[in-house]
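Read off the chains here:
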Amino acid sequence: MSSEEGHEQEPTEEKEAAEPQEQKTDEEMPPLESLGPDSDYSDFLSKAVSPELRRAALRKLFSSPKFNVTDGLDDYAEDYTQHAPLGDIVTAEMRHRLEAAAARAGTAPASTPAPAAGSTPNHKARAAAFDAVKDVQVTPTSVIEFSSTGKLLIIGERDVALQTAAQLIPEFVCTVFTPGPEAPRVDKIQGHAVITSGQPDIKGWLGEFEVGIRSQEETVPLSALLPVADAQIDLVLDLENTACIQAEMPPLGYFHPGRSEEALTAALAELAELRGTFEKPKFFNLDTTICAHGQKGLQGCSRCIETCPTEAIISLGDCVQVNPNLCQGGGICATTCPTGAITYAMPQSGDLQTHIKRLLAAYGEAGGSGACVVFHDERSANAIEATLKRAGQLLQVPVEESGSVGMDTWLSCLAYGARAVLVTVGPGTPERINAELLHQATIAHALLEGLGYDRRMIQIVYPGGGEDSSWSAEDRFPDEWVEAPASFDALSDKRTALKLALMHLVRRAPRQPDEIALPADAPFGEVRVDPEKCTLCMSCVGVCPTSALNAGGELPSLSFKEWNCVQCGLCEDACPEDAITRNARFLTDAERRGARRVLHEDEPLSCIICGKSLATRSMLDNIARKLQGHPMFQSEEALRRLQMCGDCRVRDMTR
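Residues numbered from 1 in each chain as written. Predicted model: local features only at pLDDT ≥ 70, side-chain atom pairs only at ≥ 80, totals over all residues. Heavy atoms only, no water.

1. A short note on the pattern of salt bridges
For the structure on display, the rule yields 20 salt bridges. Between Arg-358 and Asp-135 there is a salt bridge, and its shortest N-O distance comes to 3.8 Å. Within this pair, whereas Arg-358 is found in helix α10 (residues 349–365), its partner Asp-135 is found in the loop between α4 (121–132) and β1 (143–148), the two being separated by 223 residues in sequence. A relative accessible area of 41% places Arg-358 in the partly exposed class. One salt bridge in this structure joins Arg-597 and Glu-562, with 3.3 Å as the shortest N-O distance. In this pair, Arg-597 sits in strand β26 (residues 596–601) while Glu-562 sits in the loop between β24 (557–561) and α16 (570–574), placing the two residues 35 residues apart along the sequence. Residues joined by salt bridges that share partners form a network here, namely Glu-515, Glu-526, Arg-528, Glu-562, Arg-585 and Arg-597. (Salt bridge = Lys/Arg side-chain N within 4 Å of Asp/Glu carboxyl O. Helix = DSSP H or I, 4+ residues; strand = E, 2+ residues; numbered from the N terminus. Buried < 20%, exposed > 50% of the residue type's maximum accessible area, 1.4 Å probe, protein only.)

Below, the structure is given as structure tokens:
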């Protein structure tokens, strides 16, 4: 027999040897109750055993604890039969997103019921307009994830904090901190870690709070006082009168009811559901390549940092950084950003303007007249409900935050044929957002009035305050508006959208001045150069973030394109001769705005020895003036060397 034949027979022999000699039946099997995790279950695999008994035996085997140890690397090894409650925070975010999606699709959210059909021609036109924009698509945004296991820090008087901890469900792990003037000490009371004395220093957000204790001019982390596992804090409940986090919109997971019993009850209700994994939208997009915040150690525009109510934006020197975990979608950063480096993503401005353009066009085609676009968020929705139902010319546009809609969208609405744009500010809106909206409206009013339009075409209104329904009275709206709608496509690029809207408004303006004076910090204007001081060192060109300033070609010169200038002030700070000043204005002539003009040029000088290009006349004159009293430059020979290149100067000195 060949070796191949022998190898072919070996598996058959092994298989025959492995076959049991006797096939046991159900009656011969031991009772299942007598089996344990270490018992022999092989007989239950006999072909003579019924499938029902085999399954029961295997179920008994694999129910043993030794077979129920999950692999931590398995993403699907968790118990998905029990889910942690989503909580108010997620419910609110989900509601916001659904309302925003409904608004972009042309349907009013639940908080803004549709007016009764057939009441007036404008009501009919509005209903038709909303029906016509249901297919408007929006660009999706990403989400930010939070995770909380219910580890809660309670700040306040010890007995009150312990009583509060007792009201929470047992799944919460509570740490109590009572501030005081002495060094902190740790006790164990009623099963809770209690830290007494020191001052809190808290940063972070839901699921990732960093807690420090300040004492005697030093701050120690919570992990230095407690075991590392206990020092991880997911949530903070601050019962002190003064909040330890001073941001107008504190981070998610931080609650400051203070000494108010009503606020504490509401906070405890929210806290009870903040265990698990949560999501919120990423509200912004950031393009650092066009950020005008800084260059080469100089600080320029900081408007987004100054206006952010969550304090989520910080400086990185040449640009800013936005913390998506702290950002809560206030949107005022995108409204105030002069270059469009920060844009809003819920929705993007181009998607929002496309919706508005179609809405206004459909309203006009359906016979409506005098359309007024009303932007509102959840804070102001209830206050305007009755007015929207009564006034058919008001086209409501729900947004995440009223502060997210800025001048590019306002002016685009007017260019698309809106009689007026109303931005409603509800109670509870952070003061930073309110103040910047008013400031942006001031700039817009200067533009409108300079062109001869009625400033009432753009209004910031407070329907939840003392205005009541007077904000929508007929005498609050302009008598004339741009009745020839623009045809340009809506764009998400802020500067381009502003340019197209302003060009349309200028062409149909009652007045055509050469230029319009604007407030000092408006994002439009010119740069002026004093030719007696400027040496064409080009320091200003090196820091200009928008290429508004450029160096000349063959001749030493400085050129300027006014439309690119956002008045950030970097060029003014960079100029070593204090030769640059800014002037906020708007040129109505599009050709002048977009043309590049020479601000200063000078005679080029060459080395008097070799003829190599050296510098400008003004630069050498300026150097000579500064060296007049220097002992090394008192002779004609030394002054003559200033007109030589570096190589020729060295040769002349060593000759």
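2. What about the sheet that holds strand β25 (residues 580–587)?
Taken in spatial order, the 3 strands of this open sheet run β21-β25-β22, and their pairing is antiparallel. Each having just a single partner strand, β21 (515–517) and β22 (525–529) make up the two edges of the open sheet. Taking each pair of neighbouring strands and ignoring which way they run, the sheet shows an average axis angle of 50°. (Pairing = 2+ DSSP bridges. Axes fitted to C-alpha atoms, helices over the stretch in contact; angles between N-to-C directions.)

3. Some details on helix α11 (residues 378–390)
Residues lying three or four places apart along an α-helix face the same way, a consequence of the helix completing one turn every 3.6 residues. The sharpest bend along α11 comes to roughly 55°, located at Ile-384. Where α11 is concerned, the buried positions are Ser-380, Ala-381, Ile-384, Thr-387 and Leu-388. Packed against the buried residues of α11 are α4, β17 (372–376), β18 (394–398) and β19 (420–424). Its side-chain oxygen placed 3.2 Å from the backbone nitrogen of Arg-379, Asp-377 serves as the N-cap of α11. (Bend = angle between axes of the 7 residues up to and from the residue. Contact = heavy atoms within 4.5 Å. Polar contact = N/O pair within 3.5 Å; in protein donor to acceptor, adjacent residues only side chain to side chain.)

4. A word on unusual backbone geometry
Following Met-346, the chain continues into Pro-347 via a peptide bond in cis, with omega recorded as 0°. Among the secondary structure elements, Pro-347 is positioned in the loop between β16 (342–344) and α10. The phi dihedral of Leu-536 falls on the positive side, at around 60°, and the residue is not glycine. With respect to the secondary-structure elements, Leu-536 resides in the loop between β22 and α15 (539–543).

5. Looking at the packing of α4 against α10
Interaxial distance between α4 and α10 falls to 8 Å at its minimum, and their mutual angle equals 140°. As judged from the angle between their axes, α4 and α10 are oblique. For the crossing formed where α4 meets α10, the hand is right-handed. Facing Asn-122, Ala-125, Arg-126, Ala-129, Phe-130 and Ala-132 of α4, the residues of α10 in contact are Leu-359, Ala-362 and Tyr-363. Residues belonging to the contact of α4 with α10 are distributed by class as follows: 7 nonpolar, 1 polar and 1 charged. (Parallel < 35°, antiparallel > 145°, perpendicular 65-115°, else oblique. Left-handed = near helix turned anticlockwise from the far one by under 90°. Nonpolar A, V, L, I, M, F, W, Y, C, P; charged D, E, K, R; others polar.)

6. Concerning the packing of aromatic side chains
Ring pairs (aromatic) are described by centroid distance and by the angle formed between their planes. For the structure on display, the rule yields 5 aromatic pairs. Measuring from ring centre to ring centre gives 6.2 Å for Tyr-41 and Phe-44, while their planes differ by 40°; the resulting arrangement is tilted. In this structure Tyr-41 comes out as buried when scored by relative accessible area, which is 9%. Ring geometry for Phe-524 versus Trp-563: centroids 5.7 Å apart, planes at 20°, classification stacked. A residue pair is termed long-range when its members are at least 10 positions apart, and Phe-524 in the loop between β21 and β22 and Trp-563 in the loop between β24 and α16 qualify at 39 residues. Of the two residues, Phe-524 and Trp-563, both sit in the buried class. A network of ring pairs unites the aromatic residues Phe-524, Trp-563 and Phe-586 as a single cluster. Sitting above the plane of the Phe-284 ring, Lys-282 keeps its charged end 4.3 Å from the centroid. (Phe/Tyr/Trp six-rings, centres within 6.5 Å; stacked < 30°, edge-to-face > 60°. Lys NZ or Arg CZ within 6 Å of the ring centre and 35° of its normal.)

7. Overview of the pairing of strand β20 (residues 458–461)
Burial of the side chains of β20 extends over both faces: Ile-458 and Ile-460 are buried on one face and Gln-459 and Val-461 on the other. Relative to β20, β19 runs parallel, the two sharing 4 bridges. Counted as the bridge partner of Val-423 is Ile-460 from β20. Handedness of the crossover joining β19 and β20 through helix α13 (residues 431–450) is recorded here as right-handed. (Right-handed = clockwise from strand over helix to strand, strands pointing away.)

8. So, the nonpolar core
In terms of nonpolar packing, the biggest core is built from 60 residues, with Phe-375, Met-407, Trp-410, Leu-411 and Leu-518 touching the most fellow members. Take this core: its biggest share by element is 8 residues, from α13. Discounting chain neighbours no more than four positions away, the residues touching Leu-518 are Ile-443, Ala-446, Leu-447, Phe-524, Ala-584, Arg-585 and Phe-586. One finds Val-176, Leu-235, Leu-252 and Leu-274 within the second-largest nonpolar core, a separate group that totals 44 residues. (Core = buried A, V, L, I, M, F, W, Y, C linked by side-chain atoms within 4.5 Å.)

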